[in-house]
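Descriptive structure summary
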Amino acid sequence: MLPSLPANMPVNSVMSAPTINPLFALVNKGAVAMLEGAHPLGGLALATDAPTDELLRKPPVDVDAPIVTRRMRAHIASQAAYQLAVVFALLASGRRRLVFNAFVWMQLVNQINCRKVNERFDVFEGAWRNPTFLGIFASEVGLQVLIVQRGGVVFDTEPLDANQWAACVALGLVEVF
């Protein structure tokens, strides 16, 4: 039987760095600590979208209906499977330096995916009209670049070259499609 989630835990928290913390302890302890501390930024970014007219026209959900729908469970499972496959493939291929950056990019892109929990596939709809979301997302990207390129001993990271960055970002962007 699976453990239940605390009532106040946002759905986007289900697949985060602390969830697979033991895996990352093998890779980079400083990076894990940073991920656990930065996680609230993702929740804050997701909480800034104003409700759309379409959403407000929907009938109320039954009080006994599960908060996490079947589609959400399928999305969470597919994201978890993809992310674990990528992490294990990078570890198996000896590309340990890429694991942390690729994982963070998968989380950043998944943050965009989590903006829409209905049957719609346009996850970017309305994102460009939300300056708070864009500002938080840009801050997270900037922090990631700074930590990887200049984090050194403090975050136990080494700078990556352009090809390594492109690979990490591409692995994250796969989750949008």
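An account of the accompanying structure is given in this report. All of these numbers come straight from a predicted model, not from anything done at the bench.

Overview of the packing of helix H5 (residues 96-113) against helix H8 (residues 162-173)
Where H5 meets H8, the axes come as close as 7 Å, and the angle between the chain directions of the two elements is 40°. As for the relative orientation of H5 and H8, their crossing is right-handed in sense. Between H5 and H8, the contacting residues are Arg 97, Leu 98, Asn 101, Ala 102, Trp 105, Met 106 and Val 109 on the first element and Gln 164, Trp 165, Cys 168, Val 169, Leu 171, Gly 172 and Leu 173 on the second.

Thoughts on the packing of aromatic side chains
Counted under the stated rule, the structure contains one aromatic pair. Pairing Phe 133 with Phe 137 gives two aromatic rings, centres 6.1 Å apart and planes at 20°, and the pair type is stacked. Taken together, the positions of Phe 133 and Phe 137, both in helix H6 (residues 131-150) and four residues apart, correspond to about one turn of that helix. Each member of the pair, Phe 133 as well as Phe 137, carries the same accessibility label: buried.

A short note on the nonpolar core
One finds Leu 90, Trp 105, Leu 108, Leu 160 and Cys 168 to be the most contacted residues of the largest nonpolar core, which totals 22 residues. Among the elements of the structure, helix H4 (70-92), H5, H6 and H8 are those that each provide at least two residues to this core. Sort the elements by how many residues they give to this core and H5 lands first, with 10 residues.

Comments concerning unusual backbone geometry
With phi around 60°, Asp 156 is a residue other than glycine that occupies positive phi space. Its location among the elements puts Asp 156 in the loop between helix H7 (152-155) and H8.

Describing the environment of Val 176
Inspection of the secondary structure assignment puts Val 176 in the segment after H8. A C-alpha to C-alpha distance of 7.5 Å links Val 176 and Asn 110, two positions 66 residues apart in sequence. Residues in contact with Val 176, not counting those within four places in the same chain, are Val 109, Asn 113, Val 123 and Phe 124.

Description of H4
If you check H4, its first and last C-alpha atoms are 32 Å apart, about what 23 residues at 1.5 Å a residue would give, namely 33 Å. Residues of H4 that are buried: Met 72, Ile 76, Gln 79, Ala 80, Gln 83, Val 86, Val 87 and Leu 90. In the segment just after H4, Gly 94 is the residue with positive phi, at about 80°.

Let's talk about the side chain of Gln 111
Tracing the backbone through its elements, the reader meets Gln 111 in helix H5. A polar contact is formed between the side chain of Gln 111 and the side chain of Glu 140, at a distance of 2.8 Å.

A few points about the packing of H5 against H6
Relative orientation of the contacting elements H5 and H6 amounts to 175°, with a least axis distance of 11 Å. If you check the angle between H5 and H6, you find them roughly antiparallel. Residues Phe 100, Asn 101, Val 104, Trp 105, Leu 108, Gln 111 and Ile 112 of H5 pack against Phe 133, Phe 137, Glu 140, Val 141, Gln 144, Ile 147 and Val 148 of H6. Grouping the constituent residues of the contact of H5 with H6 by class yields 10 nonpolar, three polar and one charged.

Re the environment of Asp 161
Looking at the secondary structure, you find Asp 161 in the loop between H7 and H8. Residue classification places Asp 161 among the partly exposed residues on the basis of a relative accessible area of 40%. Sequence separation between Asp 161 and Gln 149 is 12 residues, and the spatial gap between their C-alpha atoms is 9.2 Å. At a separation of 3.1 Å, a polar atom in the side chain of Asp 161 contacts the main-chain amide nitrogen of Asn 163. Looking at Asp 161, its side chain comes within polar contact range of the main-chain nitrogen of Gln 164, at 2.8 Å.

Rules and cut-offs
- Residues numbered from 1 in each chain as written.
- Predicted model: local features only at pLDDT ≥ 70, side-chain atom pairs only at ≥ 80, totals over all residues.
- Heavy atoms only, no water.
- Axes fitted to C-alpha atoms, helices over the stretch in contact; angles between N-to-C directions.
- Helix = DSSP H or I, 4+ residues; strand = E, 2+ residues; numbered from the N terminus.
- Left-handed = near helix turned anticlockwise from the far one by under 90°.
- Contact = heavy atoms within 4.5 Å.
- Phe/Tyr/Trp six-rings, centres within 6.5 Å; stacked < 30°, edge-to-face > 60°.
- Buried < 20%, exposed > 50% of the residue type's maximum accessible area, 1.4 Å probe, protein only.
- Core = buried A, V, L, I, M, F, W, Y, C linked by side-chain atoms within 4.5 Å.
- Expected span 1.5 Å × (residues − 1).
- Polar contact = N/O pair within 3.5 Å; in protein donor to acceptor, adjacent residues only side chain to side chain.
- Parallel < 35°, antiparallel > 145°, perpendicular 65-115°, else oblique.
- Nonpolar A, V, L, I, M, F, W, Y, C, P; charged D, E, K, R; others polar.

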